[in-house]
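Each chain, written out:
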Amino acid sequence: MENKKLIICGKLFDGIKDELQSNMEILIHGNKIVEVGKNLVRPQNVEVIDLSHLTVTPGMIDAHIHGNLMKWQEMDTILFQSEGYSTLAFLHTAQRCLERGFTSIRVNGMGPEGFGIVDVKNVIDRGLFPGARMKVGCHMLGGTGMPGDMSMYASANPPASEKMQLSFIGSGPDFFRNQVRREVKYGGDFIKVFISGSFLSPDGGPDICYLSDDELRIIINTAHELDKPVTSHVYPCHMMKKLIEFGIDGMEHGALMDEETAALFEESGTYLVPTFTPFQDMIEGNEEYIAQNTADAQMKLRKYAPILKKSREIICNSKIKLGFGSDLCAVHQPYESWYEYRCWIRSGMDPFRTLKSATAVNANILGIDHIVGTIEPGKLADIAGWHRDLLKDCDALSECDFVMKDGIVYPTSNKVIDTL
Ligand SMILES: [Zn+2]
């Protein structure tokens, strides 16, 4: 007989309305939501789950994660990790995300070689391991010396650095056409490309471009021919404008945004995952946390601080389709996606816009809005519960009390694992 569950909600954010509804109940048959409303008729043998002390939401989604670190301090050792270790780190992150109420994640590519990330996604989908549902961009396609070129960490020793060059870093349209096809062949759900430098990696900085127009065009066109979306790590406005012109689906960061470029995002419907987390300490002047970055990253962050602040205001005041993504890898643990909520609320973002970005909008960006992202009949039962006040408490997502994915209840844990 089909398993039936009824959740009694203290308050309900359904991912659709800008309100917290009271006295709502959710009826679940197997892994699907079948009814949402007040005083529902209770079928025989229904298991009642009383969450009347919690605010119930759709399972949260983080649209920008780098999961191949067990802890953030390992950032500069990625190059020396085996693929096996990296694959296990992805699984670790997916498990930690789930137990913190994030039922889906989008992995934004990183080294090393190999496609272990796809294995992690598949074993979770098959129910062999608990973990967040995943959409994966396997690697960061880009030019030599760009942020995902991990051999940069050995650039003081050119012969050694050359030997460490990753296979998805290169140049020329033919090279990138083949790389896009390889990413799709081995299980990538979308293509992640690096167009500009970065704040946190040892490269030329956020204004530098590492790919030419013909390389960008071939990447976007080849992916679209294979029916896969493309997103780009990008900062400067002239590059964002170019990507919109070339027909890219979305972008990540955009932290040097101006009003003219924001208007182009709005007109074209291109999404942006602004990843406020890596820049929050800089914007708030939190010296203790800024000091945890490398000297090179600190120098870049300080140099660009005024533009980062202005850009944040422009993004928050815009009507850009915004995805919620933490970019966790460099300072906080990869699975502490709740931190992005703090950043949005402290930036003056409306809590309902933030919650929608982390649920319904992100489900659309991940291409899974037909199955998750809202609490309504027909959707999979991906549901989370929180005891803190989501409308007033910017750290409310740091303590998850209940999580269900695909109709199954999993244990929650808010522990930070930092002693590996
Ligand atoms: Zn990232």
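Residues numbered from 1 in each chain as written. Predicted model: local features only at pLDDT ≥ 70, side-chain atom pairs only at ≥ 80, totals over all residues. Heavy atoms only, no water.

Chemist: For the overall build of the protein chain, give the residues involved together with the corresponding values.
Modeler: A tally of regular secondary structure across the protein chain gives twelve helices and 17 strands. Considering only residue pairs separated by 6 or more positions, the protein chain has 69% of its internal contacts joining residues 24 or more positions apart. Accessible surface for the protein chain amounts to roughly 16,000 Å². Of this, 50% is attributable to carbon and sulfur atoms. When the 42 positive and 56 negative side-chain charges of the protein chain are each reduced to one mean point, those points stand 3 Å apart. (Helix = DSSP H or I, 4+ residues; strand = E, 2+ residues; numbered from the N terminus. Contact = heavy atoms within 4.5 Å. Areas by Shrake-Rupley, 256 points an atom, 1.4 Å probe, with all protein chains shown as cover. Lys, Arg positive; Asp, Glu negative; His and termini not counted. Charge placed at Lys NZ, Arg CZ, Asp CG, Glu CD.)

Chemist: Report on the coordination of the zinc ion, specifying residues and quantitative values.
Modeler: Bound to the zinc ion on the protein side are His64 (NE2), His66 (NE2) and Asp327 (OD), at distances that span 2.0 to 2.2 Å. Every donor residue of the zinc ion comes from the same chain, spaced as H-x1-H-x260-D. With relative accessibility at 0%, the residue His64 sits in the buried group. You can call His66 buried: its relative accessible area is 3%. (Donors = N, O, S within 2.8 Å, 3.2 Å for Na, K, Ca; no water. Buried < 20%, exposed > 50% of the residue type's maximum accessible area, 1.4 Å probe, protein only.)

Chemist: So, the nonpolar core: which residues are in play, and what are the values?
Modeler: The biggest cluster of nonpolar side chains holds 89 residues, and the ones touching the most others in it are Met134, Ile219, Met251 and Met257. Each of domain 1 (4–58 + 373–410) and domain 2 (60–365) gives at least three residues to this core. Other than its neighbours up to four places away in sequence, Ile219 contacts Phe176, Val180, Ile191, Val193, Leu211 and Val230. Grouped together as the second largest cluster of nonpolar side chains are 16 residues, Ile7, Ile33, Ile383 and Met404 included. (Core = buried A, V, L, I, M, F, W, Y, C linked by side-chain atoms within 4.5 Å. Domains from an automatic or database assignment.)

Chemist: Let's hear about the packing of helix H8 (residues 277–284) against helix H10 (residues 295–317): which residues, and what values?
Modeler: Viewed as axis vectors pointing N to C, H8 and H10 meet at an angle of 100°, and their least axial separation amounts to 9 Å. Considering the angle they form, H8 stands roughly perpendicular to H10. Note on element contacts: H10 touches H8 through Leu301, Arg302, Ala305, Leu308, Lys309 and Arg312, opposite Pro278, Phe279, Gln280, Met282 and Ile283. Class assignment for the residues of the contact of H8 with H10 results in seven nonpolar, one polar and three charged. (Axes fitted to C-alpha atoms, helices over the stretch in contact; angles between N-to-C directions. Parallel < 35°, antiparallel > 145°, perpendicular 65-115°, else oblique. Nonpolar A, V, L, I, M, F, W, Y, C, P; charged D, E, K, R; others polar.)

Chemist: Give me the lowdown on the state of the cysteines, citing residues and values where you can.
Modeler: The tally for this structure, following the rule as stated, stands at zero disulfides. No disulfide involves Cys9; its sulfur sits 14 Å from that of Cys400, the nearest cysteine. For Cys9, a relative accessible area of 3% corresponds to the buried category. (Disulfide = S-S within 2.5 Å.)

Chemist: Let's hear about the sheet that holds strand S13 (residues 271–273): which residues, and what values?
Modeler: Reading across from one edge, S9-S10-S11-S12-S13-S14 is the order of the six strands in this open sheet, with parallel pairing throughout. The open sheet has two edge strands, strand S9 (140–141) and strand S14 (321–322), and neither has a second partner. Of the strand pairs in this sheet, strand S10 (residues 191–194) and strand S11 (residues 230–234) are connected by four bridges, and their pairing is parallel. Within S11, the position partnered with Val193 by the bridge is Ser232. (Pairing = 2+ DSSP bridges.)

Chemist: Run through the environment of Tyr235, naming residues and quoting values.
Modeler: Assignment of secondary structure puts Tyr235 in the loop between S11 and helix H6 (237–246). Measuring from C-alpha to C-alpha, the distance between Tyr235 and Ser198 comes to 8.0 Å, with 37 residues separating the pair along the chain. Once you skip the residues sitting within four places of it in the chain, Tyr235 turns out to touch Ser196, Gly197, Ser198, Phe199, Pro206, Met240, His253, Gly254, Ala255, Leu256 and Phe279.

Chemist: Summarise the sheet that holds strand S8 (residues 133–137); cite the residues concerned and give the values.
Modeler: Across the sheet, which stays open at both edges, the three strands sit in the order S6-S7-S8 with parallel pairing between neighbours. In the strand order of this sheet, the two ends are held by strand S6 (60–65) and S8, each with one partner. The average undirected angle you get between the axes of adjacent strands in this sheet is 10°. Contacts from helix H1 (residues 83–99) reach S6, strand S7 (102–108) and S8, with the element oriented near 145° to S7. Across the sheet, helix H2 (residues 116–125) lies against S7 and S8, angled at about 160° from S8, the strand it touches most.

Chemist: Summarise helix H12 (residues 351–365); cite the residues concerned and give the values.
Modeler: Helical geometry note: an α-helix holds 3.6 residues per turn, so side chains three or four residues apart project in the same direction. Its 15 residues give H12 an end-to-end C-alpha distance of 19 Å, which sits within 8% of 21 Å, the value for a rise of 1.5 Å per residue. Bending of H12 peaks at approximately 45° at the position of Ser357. Where H12 is concerned, the buried positions are Pro351, Phe352, Thr354, Leu355, Ser357, Ala358, Thr359, Asn362, Ala363 and Ile365. For H12, the elements touching its buried residues are strand S5 (47–58), S6, S7, S13, S14 and helix H11 (338–346). Two residues or fewer after H12 comes Gly367, characterised by a positive phi angle close to 75°. (Expected span 1.5 Å × (residues − 1). Bend = angle between axes of the 7 residues up to and from the residue.)

Chemist: Residue-level account of the domain arrangement of the protein chain, with values.
Modeler: How large an interface is tends to be reported as the accessible area lost when its parts come together. By the assigned domains, the protein chain splits into domain 1 (4–58 + 373–410) and domain 2 (60–365). Each of domain 1 and domain 2 has a C-alpha centre, and these two points are 30 Å apart. Each partner contributes residues to the interface: domain 1 has 28 residues there, and domain 2 has 25 residues. Taking both partners together, domain 1 and domain 2 bury about 2,200 Å²; carbon and sulfur atoms supply 68% of that area. On the domain 1 side of the contact with domain 2, Cys394, Leu397 and Lys405 bury the most area, a combined 28% of that side's loss. Inspection of the domain 1/domain 2 interface yields three salt bridges. (Buried area = accessible area lost by both parts, 1.4 Å probe. Salt bridge = Lys/Arg side-chain N within 4 Å of Asp/Glu carboxyl O.)

Chemist: Could you give me a rundown of the pattern of salt bridges, with the residues and numbers involved?
Modeler: Tallied over the entire structure, the rule returns 17 salt bridges. In this structure, Glu260 engages Lys241 in a salt bridge whose closest nitrogen and oxygen atoms are separated by 3.2 Å. Of the two residues, Glu260 sits in helix H7 (residues 259–268) while Lys241 sits in helix H6, which places them 19 residues apart along the sequence. In this structure, Lys379 and Glu376 form a salt bridge, with 3.2 Å as the shortest nitrogen-oxygen distance. Here the salt bridges share partners, and the residues they tie into one network are Arg388, Asp393 and Glu399.

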